[in-house]
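So the chains spell out like this:
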Amino acid sequence: MLERDTLKEFLAAVDRLDASFANLPPFEPAIPGRERIAEVLNQATDRLRDNYPYFHPLYAGQMLTPPHPVARLAYALAMWINPNNHALDGGRASSAMEKEAVAELAAMFGWKNHLGHLCSGGTFANLEALWVAGRVHPEKKIVASGQGHYTHARISAVLQLPFESIPGDRFGRMDLGALEQRVKRGDIGTVVVTMGATATGAIDPLPGILNLREKYGFRVHADAAYGGYFTLANNLSAPARQAFDRLSEVDSLVIDPHKHGLQPYGCGCILFRDPAAGQFYKHDSPYTYFSSGDLHLGEISLECSRPGATAVALWATQKLLPLAPGGEFAQGLAKSREAAQALHRALANDPRWIVGFEPELDIVIYAPRDANAQTISRRSREIFKEAASRGLHVALAELPANFFADSAPELKSEAGTITSLRSVLMKPEHADWIPQILRILTEAEDSTRRRL
Ligand SMILES: *Cc1c(COP(=O)(O)O)cnc(C)c1O
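Just so you know, these numbers come straight off a predicted model, no measurement behind them.

Asks: Is there a simple way to think about the overall build of the chain in this case?
Replies: Counting its secondary structure elements, the chain contains 14 helices and 11 strands. Each of the three principal axes of the chain carries a C-alpha extent, and together these read 75 × 60 × 40 Å. The buried share among the 452 residues of the chain stands at 50%. Contacts spanning at least 24 positions in sequence make up 73% of the contacts within the chain whose residues lie at least 6 apart. By element, 55% of the accessible surface of the chain is carried by carbon and sulfur atoms, the whole surface being about 21200 Å². Charged side chains in the chain number 47 positive and 51 negative. The centres of these two groups are separated by 4 Å.

Asks: What is the right way to look at the sheet that holds strand 4 (residues 188-194) in this model?
Replies: By definition, the strands of a sheet pair up through backbone hydrogen bonds, in either a parallel or an antiparallel sense. The sheet built from 7 strands is open, its strands ordered 1-7-6-5-4-2-3 with mixed pairing. With partners counted over all chains shown, the strands left at the sheet margins are strand 1 (115-119) and strand 3 (163-166), one partner each. Pairwise comparison of adjacent strand axes, ignoring direction, gives a mean angle of 20 degrees for this sheet. Across 5 bridges, strand 4 lies against strand 5 (residues 219-223) in parallel orientation. Paired with Val 192 across the two strands is His 221, which belongs to strand 5. Where helix 8 (residues 206-216) meets the sheet, its contacts fall on strand 4 and strand 5, and the angle it forms with strand 5 comes to roughly 160 degrees.

Asks: Just to check I follow, could you spell out the state of the cysteines for this structure?
Replies: Here, disulfide denotes a covalent bond that connects the sulfur atoms of two cysteines. For the structure on display, the rule yields 0 disulfides. The thiol sulfur of Cys 304 is not disulfide-bonded, and the nearest other cysteine sulfur, from Cys 119, lies at 13 Å. Classification of Cys 304 as partly exposed rests on a relative accessible area of 49%.

Asks: Looking at this model, I keep getting lost on the sheet that holds strand 9 (residues 363-368). Mind explaining?
Replies: The 4 strands lie next to each other as 8-9-11-10, forming an open sheet whose pairing is antiparallel. Strand pairing shows two members of the sheet lacking a second neighbour, strand 8 (353-355) and strand 10 (395-400), which therefore form its edges. This sheet shows a mean twist of 45 degrees between the axes of neighbouring strands, independent of strand direction. Relative to strand 11 (residues 417-424), strand 10 runs antiparallel, the two sharing 6 bridges. Counted as the bridge partner of Leu 396 is Leu 421 from strand 11. Sitting on the sheet, helix 13 (residues 373-389) is in contact with strand 8, strand 9, strand 10 and strand 11, with an inclination near 35 degrees to strand 11.

Definitions and limits used
Residues numbered from 1 in each chain as written. Predicted model: local features only at pLDDT ≥ 70, side-chain atom pairs only at ≥ 80, totals over all residues. Heavy atoms only, no water. Helix = DSSP H or I, 4+ residues; strand = E, 2+ residues; numbered from the N terminus. Buried < 20%, exposed > 50% of the residue type's maximum accessible area, 1.4 Å probe, protein only. Contact = heavy atoms within 4.5 Å. Areas by Shrake-Rupley, 256 points an atom, 1.4 Å probe, with all protein chains shown as cover. Lys, Arg positive; Asp, Glu negative; His and termini not counted. Charge placed at Lys NZ, Arg CZ, Asp CG, Glu CD. Pairing = 2+ DSSP bridges. Axes fitted to C-alpha atoms, helices over the stretch in contact; angles between N-to-C directions. Disulfide = S-S within 2.5 Å.

Right, dumping it as structure tokens:
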């Protein structure tokens, strides 16, 4: 089941790269331990078997999937060079490829004259965004919604910036009324807007938050680590579309190509709308330099050494599947959302289940219908295990009980959380596997109910 067909194209590419060094005197690198490579690889393979089958559509749990083959191969190809995108010396081609790939990401959000670079992931990208936010508004607070990623509170602590959480509504979004009450006091420097909450896919009301910015003047940072690419999908709800359409107005934005951009881990991206953000990174160059072609990426990045291979993989993927609305890549995202809607609909129409609010992106939250929060939680955990034993891997999520109020009105006034099931349907193939997923879920639900 593991794809190997593209290894032919890969070996041809290695030959082609090799040929470009033909003018050097012959040199065979020594490979210490060469005779034991097969043995050690076998051992590593045996260890790797201890994983869920993330590549398979019956893995419908956490946000995990292997990269696109072109990303895997382009990354591996770059490993014969191992470029370092810290400075142009160490990664000449791959630094140029990074600038191109990042410009394409910025263009997806309508930015032509941005500042940005790749980094290790969403955590580090958000760290850079909040670090700049703290330089712009020293002493002022950072706020994010309760369903925002927990990293913001932690990063703020690292940066020694005060942080506060803004309550959310029962659809997992930041509550605008609560935000206004809070920003009125004048001590909020930056509002983090979550464009796709990691647990549920909920999208904060960006248009309303931008209206508040007009009135109260704070900085807006969009955490679109998970959700950002969905701006390309043509089947979003009206409020989600309106929020994505205003993303070009935020001050900084994070997107994770290693989540929905088909990349291996180690690929996050930070973008600033105004290239002047570069002035905060230590450097000796004039500031016009930040948009020049000679820019050393190490001068606008907190990380020093960075993998050039990451840029090569992303660049190649975006060449194969351009970030165009209506394109092949965009259709894949639309299909994932369709799959989530289909699973949500099927479970909502089945009295054995309760479902959370409608999926905005590709995440479905659901639980077995039962007498109270405690039994629902216990049975969610049982179904999780039971489904796994039948080859279907879903995830567990601890979520506010009122997220399920439309489906189970008795939970509306429940103040606590419930343990629910969660499925990220991020593979376009998930759409075709909904009947199988439902069949196993139903069997698992049935067997845990009879056991009671
Ligand atoms: C995943 C995620 C992060 C953290 O990113 P990593 O790439 O895991 O470091 C931050 N914010 C959101 C909304 C995320 O989904």
